[in-house]
Amino acid sequence: MAGNIALPLQEFIASLDNTSLPKILQVCSGVYFQGSIYEISGSEVCFSTGDLIKVIGIELQSVSCEDVTNNEKFELPFFLGLFKVVPEQMPYTSVEEMLSLRPVDLDDSLPFTFVSHSKVTFGSLTLGAGKALTVLSIEKREDEEDMVRCHVKGQTEASAEVCIPLSSRGEFSECESEESYTLKEIMASPCLRSRRFRFVKTTKCERILVLSPVYQVQAIMNMRKNVLRFPSSLEVDVVDVTDVCKDANFVTPLNLTEVLSQPDKSFPVVAEILEEPESRSFFKCAWLPGLVKSTNLILHKKGTTPMVLLSSLKGRKTQQYFLVSQQYGGRFRRRPREFNSVYEVYVASTQTHSLTVSVTRNCEEVEEEGLPGLSVGERLQIVDCTRMELPSENNKGEKQSVEALLCHRLQEPDDEEDDEEDEDEEKDKQEEAKEEVLLPLYMQGHFVEVLGENKKYKLCDLGKEFGLPLDVKVVSRDTDLETDPLVGFPCLRIEGAMLEPSIQASFTDKPDHCFHLLPQWLSLSVSFTKDALPWPRDQFPKCFTEKVSEMTDTFFYEFRKKGNSDEAPPPRPPKRDMSSSNLVTKKSKSTKKSSKPKKNKDKSVLTEKLNDLTLNHKKRPPAPLDHDYETVDETLVAVVKTAQENVMFY
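Residues numbered from 1 in each chain as written. Predicted model: local features only at pLDDT ≥ 70, side-chain atom pairs only at ≥ 80, totals over all residues. Heavy atoms only, no water.

*Asks:* How do you make sense of empty space enclosed by the protein when you look at a structure like this?
*Replies:* Under the defined criterion, the tally for this structure stands at one cavity of 30 Å³ or more. Taken as a whole, the largest cavity encloses approximately 90 Å³ of empty space. Every residue along the wall of the largest cavity is listed here: Phe-283, Trp-287, Met-307, Leu-323, Ser-325, Phe-515, His-516, Leu-518, Glu-546, Lys-547, Ser-549 and Met-551. When contributions to the lining of the largest cavity are tallied by element, the ones reaching two or more residues are strand S24 (321-325), strand S35 (513-517) and strand S38 (548-551). Across the lining of the largest cavity, the residue classes break down as seven nonpolar, three polar and two charged. (1 Å grid on protein atoms, 1.4 Å probe; cavity = no way out; pocket = protein on both sides within 12 Å on 5 of 7 lines; lining within 4 Å. Points joined across faces, edges and corners; volume = space filled by probe spheres on them. Helix = DSSP H or I, 4+ residues; strand = E, 2+ residues; numbered from the N terminus. Nonpolar A, V, L, I, M, F, W, Y, C, P; charged D, E, K, R; others polar.)

*Asks:* Quick question: what am I supposed to make of the sheet that holds strand S28 (residues 379-393) here?
*Replies:* In a beta sheet, neighbouring strands are held together by backbone hydrogen bonds and run either parallel or antiparallel to one another. Across the sheet, which stays open at both edges, the six strands sit in the order S26-S31-S27-S28-S29-S30 with antiparallel pairing between neighbours. Each edge of the sheet is formed by a strand with only one pairing partner; in this case those strands are strand S26 (338-341) and strand S30 (435-440). Each neighbouring strand pair of the sheet contributes to a mean axis angle of 40°, computed without reference to strand direction. Strand contacts of helix H7 (residues 342-349): S26, strand S27 (356-359), S28, strand S29 (399-410), S30 and strand S31 (444-449), with the helix running at about 130° to S26, the strand carrying the most contacts. (Pairing = 2+ DSSP bridges. Axes fitted to C-alpha atoms, helices over the stretch in contact; angles between N-to-C directions. Contact = heavy atoms within 4.5 Å.)

*Asks:* Would you explain the pairing of S27 in this entry?
*Replies:* The side chains of a regular strand alternate, first on one face of the sheet and then on the other. Because side chains alternate across S27, one face comprises the buried residues Thr-356 and Ser-358, and the other comprises Val-357 and Val-359, equally buried. Across three bridges, the pairing between S27 and S28 is antiparallel. Its bridge partner lying in S28, Ser-358 is registered against Arg-379. Of the pairings in the sheet, the one linking S27 to S31 comprises three bridges and is antiparallel in character. Across the sheet, the residue bridging to Val-357 is Glu-449, located in S31. (Buried < 20%, exposed > 50% of the residue type's maximum accessible area, 1.4 Å probe, protein only.)

*Asks:* Just checking my understanding: could you explain unusual backbone geometry for this structure?
*Replies:* Across the chain, the bulk of peptide bonds are trans and the bulk of non-glycine residues have phi less than zero. In the segment running from Leu-21 into Pro-22, the intervening peptide bond is cis, with an omega of 5°. Here the phi dihedral of Ser-294 falls at roughly 75°; this positive angle occurs in a residue that is not glycine. On the secondary structure map, Ser-294 appears in the loop between strand S22 (269-275) and strand S23 (296-312). In this model, Asp-538 sits at a positive phi of 60°, which is unusual for a non-glycine residue. Residue classification places Asp-538 among the exposed residues on the basis of a relative accessible area of 62%.

Laid out in structure tokens, this is it:
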């Protein structure tokens, strides 16, 4: 530190800009609290005499103000008002001194006004004490003394221009200028920062202030492995030792995004974990607990990995989520998708050509709302999305039009007739058997997809041939995996695909067992070390990379937020008209419907009773009656016979 001048940290940082960084400072003295520890935003910053600090960044945070009348200190926001320079009370001894100490560049500060406190004579011109002169320009003259061209007013408001030598001596004071400055302009000029100011056009205009910038300093300390952030207002004296400490070893922390920006020639490399993951809410992997501070990792390479997100279906067990590399070697078969509304069927039809579904639960017809009746087992082929008019009217007496799904109700022809007819006649009959059905998009229902093939697929091929989401099942495991966690699920849903920037990494004790670090989902700070790789030079091991990583439901929800932020909600059903006239109409319609033959009434009563029958305490959906029996007694006999057969079956 010999030969260097110690400066307060605040003053030294104020003299820097980001283009002059980095700078290496040495702590030489200061005021320390609680054993040299500063508590800043919950983090401890400890400075001891002799410590080396490598400043790598500064950012202006605020402005510290001190009222010179009472030494009161406070901070100001950047957007606060304008300020004027308060003239110095100490007079200047020469014109040259006064001009050299202007708060901004001389060309930018012209014109400005000053006064002489004593009588002065410039050649044949004599000015009395208190006479004001306005500087207009500086005239450079070769082989002669530079002159200052000034404007002066006489007693009768007459004015004149005079040239006075730059070296003229006397007692001169500057007058208050009309020029005003913002806080940012003041902080950007070293000359302005050395002056005193007052507020412009505020009630605080009489307060004389000294303004000082407060920076947030980003620095690396010798023997400390994380980036420090502290204000420049700490009461510490430092010395600039950049020239003599160029070879000092400072650790450079890198987050995973910064690791991705490193050149390819930097890999593979041994890296030390400096800061553990802040959040572990996304991953449920076996390697996650190993990411602890001071642990060494081998970073093999960086790149972009295509992945898909799989989820198990909801059931008795907790729903699970898996992030799977498209290099997964198992084979899949498609599983029929289940839909709980017509809108879900419509969305699937936009992704699947000629989608056919089967009804899995009976739906009663509601004529007023345009809901058709559907029976279990009926097959519907999706044709198009169109509009339909509802039988009921709105409050204004107008017909309502809603979006609907146009379907063909497929009827299977009789097997005996199929054997007798040729293929052309069979096709004609099937075309005639198609009945058009309109399903409003807001209709609730239960459907299952009808699949026409049983082919095996690779994971990478499923996304190319089918739209997502897609239900699948693993039918052959990935033989490269010791245990394949995807085997055994009756159904898995492919929620989406993504291209993830990733870093292939492994622990030093198992250098060939790799996994993917995903910078977008994992916060980790590391530093590259000079440790040798745990294998002979130029003999890279054959690495096995983990292909399936279990994720949490938090990851799934965040993934859905990013992917489906613009997804439109399903349509709402039209508002019902609750006017008295329509109520009477509906009541009359229901009365007409109730006037049916007695056998149908007995049949509906019997069906309601059958719904309450249980087998081994498990309710089953009512099955449709195959025949139309003439009496209730005949119906009861058939029902009892069917129940006996079911008991024998179980």
